Amino acid sequence: MLRQWRASITQKAVKDPRIQRRQVQFRENNSLLISNLASVVLHRNSPWNCRSHRPNRSSWQFDATGYTSHTHTTLSVKSEPTLSDAQRRTIYALSTPPGKAGIAVIRVSGPNALDVWRRVTRKKKSEDIPTPWMLQRRHVVDPETEERLDDSLTVFFKGPKSFTTEDTLELHIHSGRAVLSAVLRALAKLPYCRPAVPGEFTRRAFEGGRLDLTQVEGLRDLIDAETEAQRRVAVSGAEGTARAQYVALRSQILECLVFVEGFIDFGEDVDDLGQEAMIREAHDRALNIINCIRSHLDDNRRGEILRSGIKLAIFGPPNAGKSSLFNFLAQRDAAITSPIPGTTRDVLTLTLDIGGFPVVLSDTAGLRETLDTVEQVGVGRAGNAVKEADVSLCVLSLPDVLSSPDNALIRVPDEVKSHLKPDTLFLLNKSDTIANLPANQSLTFMEYNDDCHNGKRTQFWTASLRTSEGTQSFLDGLAQVLRSRYSDGFDYTSPLITHARHRDFLEQAVMHLEEFIAFSPSEVDIAAESLRYAARAIGSVSGLDVGVEEVLGGIFSSFCVGK
């Protein structure tokens, strides 16, 4: 009966004039579609003649009457999907400064580095694979047009024996703007390549285990180093000296944790005397670690100062020669000088090398009482600069502060006294204006004698910045002061703290170790967590972390529990 009902409905639909009009329209549309398709087919190899671009008849939908519904038929052209940045794992970048030079190096790293070598380099004698770690002369070509772009030396580093631990390709080409642009455009045509983001090569070296965070920072500091002291500290960090010290500290904390975990897990097998010995041993180890870390924290920020620069502030009364000294050290007219008091009203700063040390030099406004609003702001900024400086150098005009040539007493102006520190250095300028200048040994600073700074003699020099008399002695003495404060008894290969974050994590580790010692033996479970936090703080400096298996491995390798 169902079949008979469907047949009767179909016959009625065929006789309906509206259905007949739709049927005619459908035939006309199909004829137009077929004629359009025929006009597109140009030859047998046309892309429109392939099966993937023919109209999909299966998409035509028929209703109960056997005629098409309102679903439109469209032609879809398949194109190669664009890869996302996450899918394009092969990166490239110019590794040398841009500009005109003899050689430029373009670095390529990632899983498709070998295919890049095949696509963009050519040689008369074809080779399937390059010889790793060996320079080869090859032509750099466009991967699409095969146009020769440059003559180059290429070297392929087979991973993991590379900087990034991945397959790496280096193209040594001529450093010209047009050549660099052409080669970079050629690499951009490869669908699996993308430009590297800043620091991405070094990040891949870190993720691959080639470097830890302290070595990454040392490498960055080595690139930014401008003085010999900075270079030595940076080389030490990049070579892994700091890494070894942090690893040793972390291992000591883990050994301490081994005793605590052993007490928690196997304390019932040990008598009371043995339990006390285990806890006491853990506390003693923790105290030794705290003392070791504090010895590094109490280094007067030597590593950080050597890396970022020693802040040296020049201050003193107006017209004493501060700006003249600033220009003398800069070896150029960096500051305006004039006989008018109050010429300098702001803090001028530049970075220079004094005795191999990086020095951030600041010239400040003259310290005096003034009604000028702008000069008052400058005097306030001068005081702040002196307060924040690592080294302060007071410049005085010798004729103005020398009471008389006979008694050789130096009177420091009242406006300057409030800014003096126990280790302030002095330069007595304009020595050429005094006929009978007393010897330096006989000069005495009134109200700033040896009692003010624990028996240490005031360090000062006499010179004339106008005639350059005594300036070389001043430079040698200043370099010696910097050397005594920041390098005497200080091994360049041993600064553990070179960045502020190192200090923060070490202070956190000390805090957690002190918490561990403060817990009673009955709270040993909580005390163990403090040790884990301390180890995690040390590991955060180099990017390491503490795992359960690491602790358990230490327990079973160090203890003989008989089970």
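Here the structure is a predicted model, which means the values were calculated and not measured.

Visitor: Would you explain the sheet that holds strand 11 (residues 391-397) in this entry?
Guide: Strand pairing in a sheet relies on backbone hydrogen bonds. The paired strands run either parallel or antiparallel. In spatial order, the strands read 9-10-8-11-13-15; together these six strands make up an open sheet with mixed pairing. Taken across any chain shown, the strands that pair with only one partner, and hence form the sheet edges, are strand 9 (348-354) and strand 15 (460-462). With direction set aside, neighbouring strand axes in the sheet form an average angle of 25°. As paired strands, strand 8 (residues 310-315) and strand 11 are joined by four bridges and run parallel to one another. Within strand 11, the position partnered with Ala313 by the bridge is Ser392. Lying over the sheet, helix 15 (residues 471-486) contacts strand 8, strand 9, strand 10 (357-363), strand 11, strand 13 (425-429) and strand 15, oriented at roughly 170° with respect to strand 15.

Visitor: Please clarify how the sheet that holds strand 5 (residues 148-157) should be interpreted in this entry.
Guide: Within the open sheet, the seven strands sit side by side as 3-4-5-6-2-1-7. Their pairing is mixed. The sheet is open, and its two edges are formed by strand 3 (121-122) and strand 7 (193-195), each paired on a single side. Bridge count between strand 5 and strand 6 (residues 168-175): five bridges; the pairing is antiparallel. Considered in strand 6, the bridge of Val155 is made with Glu170. Lying on the sheet, helix 4 (residues 177-188) is in contact with strand 1 (90-94), strand 2 (101-109), strand 4 (136-141), strand 5, strand 6 and strand 7; it crosses strand 6 at an angle near 150°.

Visitor: How do you make sense of unusual backbone geometry when you look at a structure like this?
Guide: Peptide bonds are trans in most cases, and residues, glycine excluded, mostly fall at negative phi. Residue Pro160 is reached from Gly159 by a cis peptide bond, and omega for that bond is 5°. Relative to the elements of secondary structure, Pro160 occurs in the loop between strand 5 and strand 6. Its identity is not glycine, yet Glu146 carries a phi of approximately 65°, on the positive side. With respect to the helices, strands and loops of the structure, Glu146 is situated in the loop between strand 4 and strand 5. On the basis of relative accessibility, which here comes to 41%, the residue Glu146 falls in the partly exposed class. In this structure, Ser468 is a non-glycine residue whose phi angle is positive, near 70°. Relative to the assigned elements, Ser468 resides in the loop between strand 15 and helix 15.

Here is what the cut-offs are and how they apply
- Within each chain, residue numbers correspond to sequence positions counted from 1 in written order.
- Reporting in this predicted model follows two pLDDT cut-offs: at least 70 for local features of residues, and 80 or more for side-chain atom pairs to be given and counted; totals over whole chains, interfaces and linings ignore these cut-offs and use all residues.
- Side-chain measures here rest on the full set of heavy atoms in the structure, leaving out hydrogens and waters.
- One bridge is not enough; two strands pair if DSSP finds at least two bridges between them.
- By the criteria applied, helices consist of DSSP H or I runs no shorter than four residues and strands consist of E runs no shorter than two, each listed in order from the N terminus.
- A fitted line through C-alpha atoms represents every axis, and for helices the fit uses only the stretch in contact; the resulting angles, taken between N-to-C directions, go from 0 to 180 degrees.
- By definition in these notes, contact holds between two residues if any of their heavy atoms fall within 4.5 Å.
- Between buried and exposed lies partly exposed: a residue is buried under 20% and exposed over 50% of the maximum accessible area for its type, with that area taken using a 1.4 Å probe on protein chains only.

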